[in-house]
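Residues per chain, in single letters:
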Amino acid sequence: MSMHTLLQYKWEMMTPEFIVLGTALILSLMDLFMPDDKDRRPLAWIAFVGVAIALIATIGLIPAKAVSILNDTFRLDAFGKAFKLLLLAGGALSLLLAFDYRPKEGLKDRGEFYYLLLCALLGAMIMASSGDLITLFVGLELLSISSYILAGIRKTSMQANESAMKYVINGGISTAITLFGMSYIFGLTGTTNIKEIALEVQKLTDSGYQYILAIAFLMMLVGLSFKISSVPFHMWTPDVYQGAPTPVTAFLSVVSKTAGFVIVLRLFITIFTQAPAQGKDPSSLLFSMQDYIAFLAGATMIIGNTIALKQRSMKRLFAYSSIAHAGYILVGFAAMSWVMIDSIWFYLLAYLFMNLGAFAILQRISDEADSDDLSHFAGLYQRNPLLAVAMGIFLLSLAGIPGTAGFIGKLNIFLGALMTEPGHYVLAAVMIATTVVSYVYYFGIFVQIFFRPADETTSLRMPIGLAMVVVLCALGTLLFGVVPGLAYHFLE
Amino acid sequence: MSSVPLSVYLVLALILFCIGLYGALTKRNTVIVLICIELMLNAVNINLVAFAKYGAHPGIAGQIFALFTITVAAAEAAVGLAILMALYRNRKTVHIDEIDSMKH
C-alpha cells in the first residue's frame with residue numbers, strides 16, 4: 001500500500017478515537033516518568049478533559065455523511081455516532097468517579113487505573129463503528145481485557161482478585177462461543193465484512209445452510225449476552241460488581257453494557273434480517289428467532305428483579321437491577337418494532353444518568369464505611385438532605401416513576417412491544433409485573449434514606465468530582481423525564 | 001491433503017470446542033480452566049483456517065482472522081494468569097470451589 005492510498009482516507013472521521021488514544025498514551029507516559037511518591041489523582045482530570053474533547057469532536061462529526069474508511073472496516077454512520085455519544089458521556093462520568101475513588105486501604109496503581117479506563121472506552125468506541133467482524137472482535141477484546149484488569153486493580157483485596165478471576169473465566173468462555181458463531185458465518189459467506197455478509201446470506205436458500213446460520217446466530221447471541229449481562233450469561237455480574245472498585249462497577253454497568261447492545265443491534269439487524277428463514281413465511285431469520293430472544297428477555301427480567309429482593313449488599317443489589325434493566329432493553333430488541341433503535345438508545349441514555357448518579361452516592365457512602373451494606377444508607381436525609389433528594393430522584397427513575405427519564409424509556413419500550421403485529425402481550429405483561437416487583441427493593445432503599453435514624457450524625461460532604469456527577473446526572477434524569485423530545489430531536 | 005474433506009476439519013473443531021467447554025465448566029483447577037478456554041479458541045482457529053482453504057468461498061480473510069484470534073487469545077491468557085497469580089498470593093489456592101468468599 002503506497003503512502004498516497006493511506007493519505008486519501010478520511011482520517012478525520014476517526015478524530016474522537018485518536019483523541020482518546022492520544023490521551024491514553026500521554027497518561028501512560030506521564031505515569032511512567034512521574035516520581036513514585038507523587039499523587040496521581042490529577043491525571044484523572046487530564047483523562048476527563050481528553051474524553052470531553054472527544055465528545056465535542058463527536059458532536060462536531062454529526063453533520064458528516066455516513067462514510068466507511070479503511071477498506072470498509074471502520075464505519076461512521078448515524079447509529080455509530082449516536083451510541084458513541086453515550087459511550088463517551090458514560091466514560092467521562094466514570095472518570096470523575098475514579099478521580100474521587102478513595103478506598104480505605106488506598107490504591108497503588110492509580111495511573112494505570114485511569115489509562116486502562118481510557119483503553120476500555122476506546123475499545124467500546126471501535127465496536128460502535130466497526131464494519132468488519134475482525135475490527136469488531138478486536139474492539140470487543142480491547143474493552144474486555146482492559147476491564148478484567150480494572151476489576152482486579154486492587155491487587156491486595158481478596159474480593160477484587162476473586163471477582164477479576166471470575167470475570168476472566170466467564171469472559172473467555174463467552175468470547176470463544178461468540179467467535180465460534182462468527183467462524184460459521186465466515187464459512188458460509190466467505191467474508192468478514194458485515195455489509196458483504198448481509199449480501200451473501202441472502203443467497204443461502206438451502207435449508208442445511210440456514211440450519212447452520214441459525215446455530216451461528218444462537219451462539220453469537222449467547223456469547224454476546226455476557227457483555228449485556230443478560231440470561232444465560234448473567235451469573236458473573238453480582239460477583240464482579242461487588243468485588244470491583246465502584247467506578248469500575250459503574251463503568252461496566254453503563255459503558256460496557258451500552259457497547260454490548262451496540263454490537264447486538266448492529267450485527268443482528270444488519271446480517272440476520274437479510275437471511276432467509278426456514279420454511280413457512282418469507283420473513284427473515286431474525287424474525288423466526290424472535291421467540292428465543294423474547295424468552296431470554298423475560299427470564300432476564302424475572303431473575304434480575306426477584307433475586308435483587310433479598311440482597312443486603314448495595315453493589316449486588318445494583319448488579320441484579322442492572323440485569324433487570326438489560327432485560328427491559330432486550331424487550332425492545334425482541335419486539336422489533338420500527339422504533340426499536342430509538343427506544344433502546346433513549347433507555348440507555350436514561351440508564352446512564354440514573355445509574356451513574358446512584359453509583360456516585362453509593363461510592364461516597366461505601367468508601368466512608370468500607371462496606372456496601374444497605375444499612376449505611378440509614379438517615380442519609382439527616383446527614384445531607386440534598387444528596388438524599390438526588391438519590392431519591394435516581395431511585396424513582398430506576399423504578400420508572402413518571403416525571404423521570406427512566407419512565408419515558410420504559411414507556412417507549414413497552415409501547416414498542418405492543419405496537420407490532422402481533423403484539424407481544426406476554427412480554428409486556430412480564431415487564432409490568434417485574435417492574436412492580438422492583439419497587440419493593442428500590443423503595444427499601446428509600447425507607448432507609450428517609451425514615452431510619454442515622455448511626456452517625458456528622459454531615460456527609462461530597463468531594464468535587466462526585467458532586468459534579470450527581471448534579472449532572474440528576475439534571476439529566478429530570479430534563480429528559482420532562483422534555484424527552486430534546487433527546488429524540490437530537491437523534492434525528 | 002486436499003483429499004480430506006472440509007467436514008472432517010469442522011467435526012474436529014466441534015469436538016475440540018465441546019471438550020474445552022466441558023472442561024471449562026467442570027474442572028476445579030483454574031489453570032486447567034484457562035487451558036480449556038484456549039482449547040475453545042483454538043477450535044475457532046481450525047474452523048477459520050479450514051473455511052479459508054476448503055470452504056465454499058476460499059479467501060485470505062479467514063487466515064487473517066485466525067491470526068487476530070491467536071494474538072488476542074494470548075493477551076487474554078496473560079491477563080488471566082496474572083490475575084491468578086495475584087489471587088494465589090492472597091488465598092494460597094487455585095481451586096475454583098474454594099474461591100467463594102462472595103455469596104448471595
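Note that the structure is a prediction, hence the values are computed from the model and not measured.

The rules we used
Residues numbered from 1 in each chain as written. Chains lettered and ligands numbered in written order. Predicted model: local features only at pLDDT ≥ 70, side-chain atom pairs only at ≥ 80, totals over all residues. Heavy atoms only, no water. Helix = DSSP H or I, 4+ residues; strand = E, 2+ residues; numbered from the N terminus. UniProt positions renumbered as here; feature names shortened; annotations may be inferred. Axes fitted to C-alpha atoms, helices over the stretch in contact; angles between N-to-C directions. Parallel < 35°, antiparallel > 145°, perpendicular 65-115°, else oblique. Left-handed = near helix turned anticlockwise from the far one by under 90°. Contact = heavy atoms within 4.5 Å. Salt bridge = Lys/Arg side-chain N within 4 Å of Asp/Glu carboxyl O. Phe/Tyr/Trp six-rings, centres within 6.5 Å; stacked < 30°, edge-to-face > 60°. Buried < 20%, exposed > 50% of the residue type's maximum accessible area, 1.4 Å probe, protein only. Patch = residues over 30% accessible without salt bridge, like charges linked within 9 Å, V, L, I, M, F, W, Y side chains within 5 Å. Areas by Shrake-Rupley, 256 points an atom, 1.4 Å probe, with all protein chains shown as cover. Polar contact = N/O pair within 3.5 Å; in protein donor to acceptor, adjacent residues only side chain to side chain. Nonpolar A, V, L, I, M, F, W, Y, C, P; charged D, E, K, R; others polar. Core = buried A, V, L, I, M, F, W, Y, C linked by side-chain atoms within 4.5 Å. 1 Å grid on protein atoms, 1.4 Å probe; cavity = no way out; pocket = protein on both sides within 12 Å on 5 of 7 lines; lining within 4 Å. Points joined across faces, edges and corners; volume = space filled by probe spheres on them.

1. Section: the environment of B:Arg91
- Residue placement: B:Arg91 occurs in helix H3 (residues 61-91).
- Distance in space between the C-alpha atoms of B:Arg91 and B:Ala56 is 51 Å, their sequence separation being 35 residues.

2. Considering the UniProt feature "transmembrane region" in chain B
- Within this numbering scheme, the UniProt entry marks residues 4-24, 31-51 and 64-84 of chain B as carrying the feature "transmembrane region".
- As annotated, residues 31-51 of chain B has a helix share of 100% and a strand share of 0%, and its two end C-alpha atoms lie 31 Å apart.

3. Observations regarding the packing of helix H10 (residues 236-243) of chain A against helix H14 (residues 314-335) of chain A
Residues and elements named next belong to chain A.
- Here H10 crosses H14 at 140°, and the two axes come no closer than 8 Å. Taken together, the axis directions place H10 and H14 in an arrangement best described as oblique. Where H10 crosses over H14, the handedness of that crossing is right-handed. Here Thr237, Pro238, Asp239, Tyr241 and Gln242 of H10 come into contact with H14, specifically with Lys315, Arg316, Phe318, Ala319, Tyr320, Ser322 and Ile323.

4. Examining the pattern of salt bridges
Residues and elements named next belong to chain A.
- Inspection of the entire model under this criterion finds 16 salt bridges over all chains.
- The closest approach of N and O atoms between Asp100 and Arg41, which form a salt bridge, is 3.1 Å. In this pair, Asp100 is assigned in the loop between helix H4 (78-99) and helix H5 (110-128) and Arg41 in the loop between helix H2 (15-33) and helix H3 (42-61), connecting sequence segments 59 residues apart.

5. A closer look at the packing of aromatic side chains
All names here are of chain A.
- The tally for this structure, following the rule as stated, stands at 29 aromatic pairs over all chains.
- Each ring, one from Tyr167 and one from Trp236, has its centre 5.0 Å from the other, and the planes form 25°; the classification is stacked. Of this pair, Tyr167 sits in helix H7 (residues 158-189) while Trp236 is found in helix H10, placing the two residues 69 residues apart along the sequence. One exposure class covers both Tyr167 and Trp236, and it is buried.
- Residues Phe443 and Phe446 carry aromatic rings whose centres are separated by 5.5 Å and whose planes lie at 65° to one another, so their mutual orientation is edge-to-face. You can see Phe443 and its partner Phe446 sitting in helix H19 (residues 425-451), three residues apart, about one turn around the helix.

6. Brief notes about a nonpolar patch on the surface
- On the surface, a cluster of nonpolar side chains totalling about 320 Å² of accessible area is made up of A:Val138, B:Ile60, B:Ile64 and B:Phe68.
- Relative to the elements of secondary structure, B:Ile60 occurs in the loop between helix H2 (30-54) and H3.
- Judged by relative accessible area, B:Ile60 falls into the exposed class, the value being 59%.

7. With respect to the interface of chain A and chain B
- Taken together, the 45 residues of chain A in the interface contact 43 residues of chain B.
- Along the contact surface separating chain A from chain B lie one salt bridge.
- The shortest N-O distance in the salt bridge between A:Glu162 and B:Arg91 comes to 3.5 Å.
- Counting the contacts that link chain A with chain B gives five residue pairs in polar contact (both at pLDDT 80 or more).
- Looking at the side of chain A that touches chain B, the elements with two or more residues in it are helix H6 (133-151), H7, H10 and H14 of chain A.
- Top element by residues in the side of chain A that touches chain B is H7(A). It accounts for 24 residues.
- Looking at the side of chain A that touches chain B residue by residue, the class counts come to 23 nonpolar, 15 polar and seven charged.

8. Observations regarding the nonpolar core
Residue and element names in this part refer to chain A.
- Residues Phe268, Phe333, Ile361 and Phe377 are the most contacted members of the largest nonpolar core, which totals 202 residues.
- A per-element tally of this core places helix H15 (residues 340-369) first, with 19 residues.
- In this view, Phe377 contacts Met314, Ile361, Leu362, Ile365, Met391, Ile445, Gln448 and Ile449; residues no more than four positions away in its chain are not counted.
- One finds Met14, Leu61, Ile69 and Phe74 within the second-largest nonpolar core, a separate group that totals seven residues.

9. Here we look at unusual backbone geometry
Residues and elements named next belong to chain A.
- Val231 connects to Pro232 through a cis peptide bond whose omega is 5°.
- Locating Pro232 in the fold gives a position in the loop between helix H9 (207-224) and H10.
- Positive phi, normally seen in glycine, also occurs at Ser229, with a value near 45°.
- In this structure, Ser229 sits in the loop between H9 and H10.
- Within the chain, Met336 stands out as a residue other than glycine whose phi angle is a positive 50°.

10. What to know about empty space enclosed by the protein
All names here are of chain A.
- Counted by the stated rule, this structure contains three cavities of 30 Å³ or more.
- The wall of the largest cavity is formed by Leu221, Leu224, Ser225, Ile228, Ser230, Val231, Val264, Ile293, Leu296 and Leu330.
- Going through the elements one at a time, H9 and helix H13 (290-308) are the ones with two or more residues in the lining of the largest cavity.
- Its residues placed into classes, the lining of the largest cavity shows eight nonpolar, two polar and no charged.
- Its volume calculated, the second largest cavity comes out at about 60 Å³.
- Along its surface, the second largest cavity is lined by Leu140, Glu141, Ser144, Gly171, Ser174, Thr175, Thr178, Gly223, Leu224, Phe226 and Lys227.
- Listed by contribution, the elements that provide at least two residues to the lining of the second largest cavity are H6, H7 and H9.

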